[in-house]
Structure formats: structure tokens, C-alpha cells
Amino acid sequence: MLNLTPVPIKIVDCYDDGENTRHYQFAIQETEQHLSPWLKAESGQFFMLCLPGVGEAPFTFTTLPNAQGDFRALVRRMGSVTDALFQCGVGDIIGARGPFGRGWPMERLLNQRILIVGGGCGIAPLASVINQLIDSQQFIQLEVVYAARNQAALMLNPERARWQHLIPIFNVVEDMAGLSDGEFYPGTATGILPKVLHTFGEQPDTVLLAGPEAMQTAAAEYLVAYGIDPKSIFLSIERRMHCAVGLCGHCYLNEKYVCSHGPTFSWAELLQYDIAC
Amino acid sequence: MHKTYLLDSLDELRRHLAQSHEIYQVVPQSDGARADFHWQQVGGGNWPDLVEQKPLQSPKSFFFAEQEPLYVFDGETFEEVLPTPMPFVLFGVKSCDLMAIHYQDIFFEEDPYYQARRKQGLLVGVDCVTPCEQGFCQLVNAGPSVRDDTADLVLHPLDGQRWMLVVLSAAGEQALHGLALEEASPEDLHQRWENISHCEQSFPRYPYILEGIDKLNQHAISDEFWQQLGIQCLGCSGCTTLCPTCSCFATRPIESASSQQTSVTQVRFWDSCLYESFQREASFHNPASEAGQRVKRFWYHKFSDDFVPEFGRYGCVGCGRCEATCPGVIGVHSVMKRIADDA
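Here the residue numbers are simple positions, counted from 1 along each chain's written sequence. Lettering for chains starts from A, numbering for ligands starts from 1, and both go in the order in which the items are written. Two thresholds apply to this predicted model, a pLDDT of at least 70 for residue-level local features and 80 or more for giving and counting side-chain atom pairs, whereas whole-chain, interface and lining totals are computed over all residues. To get the side-chain values, take all heavy atoms of the structure and skip hydrogens and water.

Examining the overall build of chain B
Consideration 1: Numbering goes from the N terminus for both helices and strands, where a helix is a DSSP run of H or I of at least four residues and a strand is a run of E of at least two. Within chain B, the regular secondary structure consists of 12 helices and 12 strands.
Consideration 2: Expected size for 343 residues packed as a compact globule is a radius of gyration near 20 Å; at 22 Å, chain B falls within 12% of this value.
Consideration 3: Dimensions of chain B, computed from C-alpha atoms along their principal axes, come out at roughly 65 × 65 × 40 Å.
Consideration 4: By residue count, 54% of the 343 residues in chain B fall in the buried class.
Consideration 5: Areas reported here follow the Shrake-Rupley algorithm with a probe of radius 1.4 Å; residue values treat only the protein chains shown as occluding. When the accessible surface of chain B is totalled, it reaches about 15500 Å², and 49% of it is carbon and sulfur. In this setup the radius of gyration rests on C-alpha atoms only. A globule is expected at 2.2 Å times the number of residues raised to 0.38. Burial classes follow relative accessibility: with a 1.4 Å probe on protein chains only, a residue under 20% of its type's maximum area counts as buried, one over 50% as exposed, and anything between as partly exposed.

This is the structure:
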């Protein structure tokens, strides 16, 4: 039987990281028994953050829960739940439910050529998979494109600075004001794909995309035209959610629910579901 | 072969069931303001007759509550709040509504709130022997006879005052324990199927419904058609509220304060995919921003082959309530007729 009741989590730490965006560290305040499902969390899965008296909203893990129940998430201030979270302080107790959904296809990434493209806060669901790949070193080639609107909107700055030393990172910004040409590329995620794909000896085996849906679909269409199989391109789809377990209906995508069948889908699946942007 | 019995009246059965269950039955609206029927608890020795008319509201809310608490937060911990209903009987559920409960049983199989209510409910169905207004259960395999896996007991009106009682489940058999009943004869069984066959043949044909389903599944309906329907749809949620298989919900918190502490109860309540805000995200990105998209979604959910692998059937059970309630004339008959004619 499903359990729709949150566990208490404590806000352990947070710091601003991008415009109206904070990177939070949470700690699950529960027994070992309650902790066990969280220890099985996978990159690309999500959890529901519960602000008592305000509501619930889905977020992805930037760092998966560890044995102590600590995990991290990037939160952009956007609606009532995130407004309330930003009013909270370190030490406050809120709630969380999860983990939910289908994560990235990790088995497909082993010893492969991998391209990862994140747009805006879409970098959040990609952060843990990038860290996992870098830490394990089990890839042939790994390159990351990160696209943002402008300097203020750049997110996960410390993480990207670390990755920069270890793998090729293409930071693309539409409005380059205040940024130098050497470190950043002007343009969009899709616009830079020809340049990035040129750096791959052979075309990527698997591509992971996350960010605004229009960006993801434009990138997927370009990659298919380039010759990459739609089954090898994976997207992370965002929808409004209330239950996160395939019952409330809000996150429908044809006969599927993003919360339980996704949030990661192959482009081949999404073409079948007739995704509307 | 199911056990079948004869009843001279329904009272003895209801009296027996009432020893261990609350009994609910469809009764006429008490104020007499309009011809309407609704589910109500009955008992106290005053047993109303079973009415032939279909109630405006299906028994959906007995299992999937219109609003219910999920959990309470007391400032430190979250506590699940499961419903604890008394054992109850829904007495005289029509075959279409029973099929809808069966559909919801599959959908909410893992939902603890639905299942806490469902395990307390005994379903006594009733075969329909005359077609109801706007009903087309026979076209979508939901009636007029009660399907075997959808009820615990079935009532069938024989000649005069006599009823046949068919036992369909172990729970149904258990509920009859201690009640001495005369077994039905082969002639009585034959009479049941004669009556049902006659009822099936009495239904209007409604060829446009089958044609509409066919066109919908061939994706032969233009976007312009759905947009036109979207303009007509008021987004009032009448159809989704009355539809016995609609199950979408939203959640919200309700604060309550006592002298000791303030607590927050998270509740869920019925929602509708026809509302503009149904898929709207905090960023105001809305994948279903056009009314036409939302109306299309509703009808696909009821008749698309895409949902059949999960539920073994279409989402529509042919009750026709959407037609009866829609102020915009876009219930199932109106829509299917238009699809068949000109979509």
C-alpha cells in the first residue's frame, strides 16, 4: 500500500546560488526504517517537499541521500511553497515524501560517450548523475552543456567550477553582459550543439537533457536530425504534481503520469505520447 | 455456478444485513423540488422500495471521498489519518455504477484511503430490466446485467414481488450466513436472462457512439473540433464530478488551532482536468493551457484504446450522467453525435 505521509526533515544548510535560487541541504529526521526507502534514491528521481500549512511541490536531488539521511536540492523561488521555504531558517523542520519516479538510465551510461545538456534550473536533476560519472570515471567521453539566460541566472556555480577542471563544460549564455568570451559562449543550448558534437570522436551513445520543455524538444529534434537514435536521448519532464504516485492525475502525459512513469523519458517514448509544448 | 436464491421481499435481507452493516440505498429527493434520487442511509424498520431511476450522483464518494484528510502535522511529526468507516452495504447499485467501482478498485488498488473504505463496503447490485434515460451500458460492456466480478450480491426483479438473489463473492456469501433462503429454480434463472435479454434489445441503438469511439481511436478528429468544444465548455466540472470513473484530486492544507497547539491537516479533494489551472505550474507554464486540449483529454480518457491495457475496458460505463448535467450540451451523446457527423 502506498504511503502519502511525509517524514520530517531538518534544514541543515543553504546558500544562494543563482537568481532567486538556493542550494539546500536537508537531513531526514526519522528512524532507520523510515530512512531505508530514501537510501535507494536514484539520480533523476524526485521527492515532494512539504511546507506544512502551505503545500507540496516536487524537486530533484542534486545529491542523493547518504546513510545519515542528508541530501541536497536546488530550489528556485517560484510559487507559494518555495516562498515559504525561503522564509524558513536553518534548523527548521519541514516534510518530505519520496523518492519517486524513474531516474536516469544509469545502466546505459556505463563506459559510453555521454552528452549532458541542462538549461536553467534543469541542471539540478543532472548534477548528481554528473558527479556520479565523474567520481566513478566509468565513461569513455563525458561533456556537459549548461545554458542560462544571463549572468544572474547561472546556477550550481560551485559545482560547475569543480566539473570545469575534470570534463569539458560548455557554459552558454543568451545575454553575455558582464561575462567574458573565453569562459562562456554566447547563444543557446541548441545553438551550441553543432560545436559540441564536433568534439566527440564518435557521436554520443546517450544524451541526457533537462530544462525548459521547449529547449529539450528543440535539442532532441536537432540530435535526431544529427543521427542519434530517439531511444538514446533522455529528457526530464516537469509537471504539476499533488500525489507523486500516479493517482491525482495532474501530471498526465497521454495515458502516462510523469510522476510514476517519468520524470525521465526517452525521446522515442515522448514522440509516442505526442508531447505538447 | 453461482448460488441463487428467491426472496419474497427485500425486507428480510435488509433486516439481516442491517444487524452488522449500515445500509445505504437510493431514495427520492425528500423535498420533492425536482425529480432526483440520491444515496441515503436507510433503516429503522422503514425500508424504501428500490427505485428504477439512476441517482444523479454515483456511489463514487463512498470510497473516493469528496474531501478527506491525508495526514496531520503537529509541528514536529506527520501522522497518517486513515478513515475508519463502519461496515456498510450499498443496496441496489446499478450495473454501470458497479463497473465504475470495479474500475476505481483497479486505479486505487494501492491507495490506503480508498481501500480502508472499500474493505468495509458490501456491494448489493441490481440488474436493470428497462433501459434508463441516456444510458448505453450495453455498448461499453457495463450492463444492463450486473457483471460477475463487480458485486458481492445481485438482486433481480422476477414476476410480481419476488426477487432473485445471486451470490457472486465470498463476502456476499458470508453476509448471508444465518439467513434461511429458498433456492431459485432453473426456470427462475431462465427468467432472469430473458428479462436481461429483453432489456438489452429495448435500448436505443446509438450507432453514433460506436462511430465516435472508432473515429477517436483512429485520431480522425480535427484539432478545430476540440477547440470548438473547448469554447463551449464552461469548465464547470459537472461532468467530471458526476462521472463515476473520474478520479482526479488536488491537495491543500487546513490549519486548526487549539489552546495547546496549532496543527495542519493536509486534505485531498476532487479536482477536474477541465479546469484551466489543472496542469498550470508555479512558473505559469501550462501544458494544457487551451480549453480544447482539456476537453480532448477528457474524452480520450473515457474512450481511448491507450487506457484499455491497464483497466481492461474504456473509462466510460455508459451512465449518461455527463449528458444530463452539462449546461453546454457537450455530454457524451452530443459529442459523439457531432464526432460521427462532422468532426
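Points about the sheet that holds strand 6 (residues 88-94) of chain B
All names here are of chain B.
Consideration 1: Across the sheet, 8 strands lie side by side as 3-2-6-7-8-9-1-10; this open sheet has mixed pairing. At either margin of the open sheet sits one strand with a lone partner, and together these are strand 3 (37-42) and strand 10 (182-183).
Consideration 2: Paired strands, in this sense, are two strands between which DSSP finds at least two bridges. Alignment of strand 6 against strand 7 (residues 121-126), held across 6 bridges, turns out to be parallel. Residue V93 lies in a different strand from strand 7, and its bridge partner there is G125.
Consideration 3: Here, two residues are considered to be in contact whenever any of their heavy atoms come within 4.5 Å of each other. Note on definitions: angles span 0 to 180 degrees between N-to-C directions of axes, and those axes are lines fitted to C-alpha atoms, for helices only across the stretch in contact. Across the face of the sheet, helix 2 (residues 95-107) comes into contact with strand 6 and strand 7 while running at roughly 125 degrees to strand 6.

A few points about the pattern of salt bridges
Consideration 1: When a carboxyl oxygen of Asp or Glu lies within 4 Å of a side-chain nitrogen of Lys or Arg, that pair is called a salt bridge. Applying the stated rule across the entire model yields 19 salt bridges over all chains.
Consideration 2: R113(A) is paired through a salt bridge with E202(A); the nearest N and O atoms lie 3.6 Å apart. With a gap of 89 residues between them, R113(A) in strand 7 (residues 113-119) and E202(A) in the loop between helix 5 (189-198) and strand 11 (206-210) connect regions that are remote in the sequence.
Consideration 3: Between K3(B) and E173(B) there is a salt bridge, with the nearest N and O atoms lying 2.4 Å from each other. You can see K3(B) sitting in the segment before strand 1 (4-7) and its partner E173(B) sitting in helix 4 (residues 170-175), a full 170 residues away along the chain.
Consideration 4: The exposure class assigned to K3(B) is partly exposed, which follows from its relative accessible area of 42%.

Some points on the pairing of strand 4 (residues 55-60) of chain A
Residue and element names in this part refer to chain A.
Consideration 1: The element strand 4 is extensively covered by neighbouring structure, given that 5 of its 6 residues are classed as buried.
Consideration 2: By the bridge criterion, 6 bridges tie strand 3 (residues 46-51) to strand 4 in an arrangement that is antiparallel. What sits directly across from M48, in strand 4, is P58.
Consideration 3: Hairpin geometry of strand 3 and strand 4 is characterised by an intervening segment of 3 residues between the two adjacent antiparallel strands and by a positive phi of about 90 degrees at G53.

Remarks on a negative patch on the surface
Consideration 1: On the surface, E211(B), D214(B), D305(B), D306(B), D341(B) and D342(B) cluster together into a negatively charged patch.
Consideration 2: Among the secondary structure elements, those contributing two or more residues to the negative patch are helix 6 (207-217) and helix 12 (332-342) of chain B. Only residues above 30% relative accessible area that lack a salt bridge enter a patch, with like-charged residues linked at up to 9 Å and the nonpolar side chains Val, Leu, Ile, Met, Phe, Trp and Tyr linked at up to 5 Å. Charge convention: Lys and Arg are scored as positive, Asp and Glu as negative, and His as well as the terminal groups of each chain are ignored. Lysine's charge is taken at NZ, arginine's at CZ, aspartate's at CG and glutamate's at CD.

Points about helix 3 (residues 124-136) of chain A
Consideration 1: When you tally the buried positions in helix 3 of chain A, you get 10 out of 13 residues, the bulk of the element.
Consideration 2: Positive phi appears at Q137(A), one or two residues downstream of helix 3 of chain A, with a value of about 60 degrees.

Topic: the nonpolar core
Consideration 1: We call a set of buried residues a nonpolar core when its members are Ala, Val, Leu, Ile, Met, Phe, Trp, Tyr or Cys and they connect through side-chain atoms within 4.5 Å of each other. Ranked by size, the top nonpolar core spans 123 residues in total, and within it L115(A), W226(B) and W299(B) carry the most contacts.
Consideration 2: Broken down by element, the residue count for this core peaks at 7 residues, all from helix 2 of chain B.
Consideration 3: Those residues in contact with W226(B) that sit more than four places away from it in its chain are L216(B), I221(B), G292(B), V295(B), K296(B), W299(B), Y300(B) and I339(B).
Consideration 4: In terms of nonpolar packing, the next biggest core, distinct from the first, is built from 32 residues, I123(A), V129(A), L133(A) and I167(A) among them.

Observations regarding the sheet that holds strand 6 (residues 93-100) of chain A
All names here are of chain A.
Consideration 1: Spatially, 6 strands are ordered 4-3-6-1-2-5 in an open sheet, and the strand pairing comes out antiparallel. Where the open sheet ends on each side, the last strands, each with one partner, are strand 4 and strand 5 (70-76). The sheet shows a mean angle of 40 degrees between the axes of neighbouring strands, direction not considered.
Consideration 2: Looking at chain direction, strand 1 (residues 7-16) and strand 6 are connected through 4 bridges and run antiparallel.

Focus on the side chain of T217(A)
Consideration 1: Mapped onto the elements of the fold, T217(A) is located in helix 6 (residues 213-226).
Consideration 2: What qualifies as a polar contact is a pair of N or O atoms within 3.5 Å, subject to a donor-acceptor requirement within protein and to the restriction that residues adjacent in sequence count only when both atoms come from side chains. Within the structure, T217(A) has its side chain in polar contact with the backbone oxygen of A214(A) (distance 3.1 Å).

Concerning the pairing of strand 4 (residues 67-73) of chain B
Successive residues of a regular strand alternate their side chains across the two faces of the sheet.
Residue and element names in this part refer to chain B.
Consideration 1: Bridging between strand 4 and strand 12 (residues 262-270) involves 6 bridges; their strand directions are antiparallel. For P69, the partnering residue across the bridge sits in strand 12 and is V267.
Consideration 2: Judged from the 3 bridges that link them, strand 4 and strand 5 (residues 78-80) form a sheet pairing that is antiparallel. Following the sheet pairing, Y71 is matched in strand 5 by E80.
Consideration 3: Counting the residues between successive antiparallel strands, the hairpin from strand 4 to strand 5 contains 4 residues, one of them, G75, with a positive phi of roughly 110 degrees.

Observations regarding the state of the cysteines
Consideration 1: Criterion for a disulfide: a pair of cysteine sulfur atoms at a distance within 2.5 Å. The tally for this structure, following the rule as stated, stands at 0 disulfides over all chains.
Consideration 2: Unpaired in this structure, C251(A) has its nearest cysteine sulfur neighbour in C259(A), at a distance of 3.7 Å.
Consideration 3: C248(B) takes part in no disulfide bond, and the closest cysteine sulfur, belonging to C273(B), lies 5.6 Å away.

Some points on the environment of C322(B)
Residues and elements named next belong to chain B.
Consideration 1: In this fold, C322 is placed in helix 11 (residues 321-325).
Consideration 2: Sequence separation between C322 and L56 is 266 residues; the distance between their C-alpha atoms is 10.0 Å.
Consideration 3: When near neighbours in sequence (up to four residues on either side) are disregarded, C322 contacts C239, W299, G331 and V332.

Overview of the packing of aromatic side chains
Residue and element names in this part refer to chain B.
Consideration 1: Think of it this way: a Phe, Tyr or Trp ring, Trp meaning its six-membered ring, pairs with another when their centres are within 6.5 Å, and the plane angle makes it stacked under 30 degrees, edge-to-face over 60, tilted otherwise. A complete count under the given rule lists 35 aromatic pairs over all chains for this structure.
Consideration 2: Consider the rings of Y103 and F311, whose centres lie 4.2 Å apart with planes at 20 degrees: the pair is stacked. Taken as a pair, Y103 in helix 2 and F311 in helix 10 (residues 308-311) lie far apart in primary sequence, 208 residues in all.
Consideration 3: The exposure class of Y103 is buried, given its relative accessible area of 4%.
Consideration 4: The ring centre of F63 lies 5.2 Å from the NZ or CZ of R118, which sits over that ring.
Consideration 5: Charge over a ring is defined by NZ of Lys or CZ of Arg lying within 6 Å of the ring centre and within 35 degrees of the ring normal. The aromatic ring of F249 is capped on one face by R268, whose charged end is 4.7 Å from the ring centroid.

Here's the deal with the confidence of the model for chain B
A low pLDDT means the predicted coordinates there should not be read in detail.
Consideration 1: The pLDDT score gives, residue by residue, the confidence of the prediction method on a 0 to 100 scale. For chain B, the average pLDDT comes to 94, and 98% of its residues sit at 70 or higher.
Consideration 2: The ipTM value of the predicted complex is 0.93, and its pTM value is 0.95.

A short note on the interface of chain A and chain B
Consideration 1: Across the contact, 36 residues belong to chain A and 42 residues belong to chain B.
Consideration 2: Surface buried jointly by chain A and chain B totals about 3200 Å² across both partners, of which 59% is contributed by carbon and sulfur atoms.
Consideration 3: Counting the surface chain A buries against chain B, the share from its top three residues, M1(A), L247(A) and Y252(A), is 21%.
Consideration 4: Where chain A meets chain B, there are 0 salt bridges.
Consideration 5: Counting the contacts that link chain A with chain B gives 13 residue pairs in polar contact (both at pLDDT 80 or more). The term buried area refers to how much accessible surface (probe radius 1.4 Å) is lost by two components on association, counted for both of them together.

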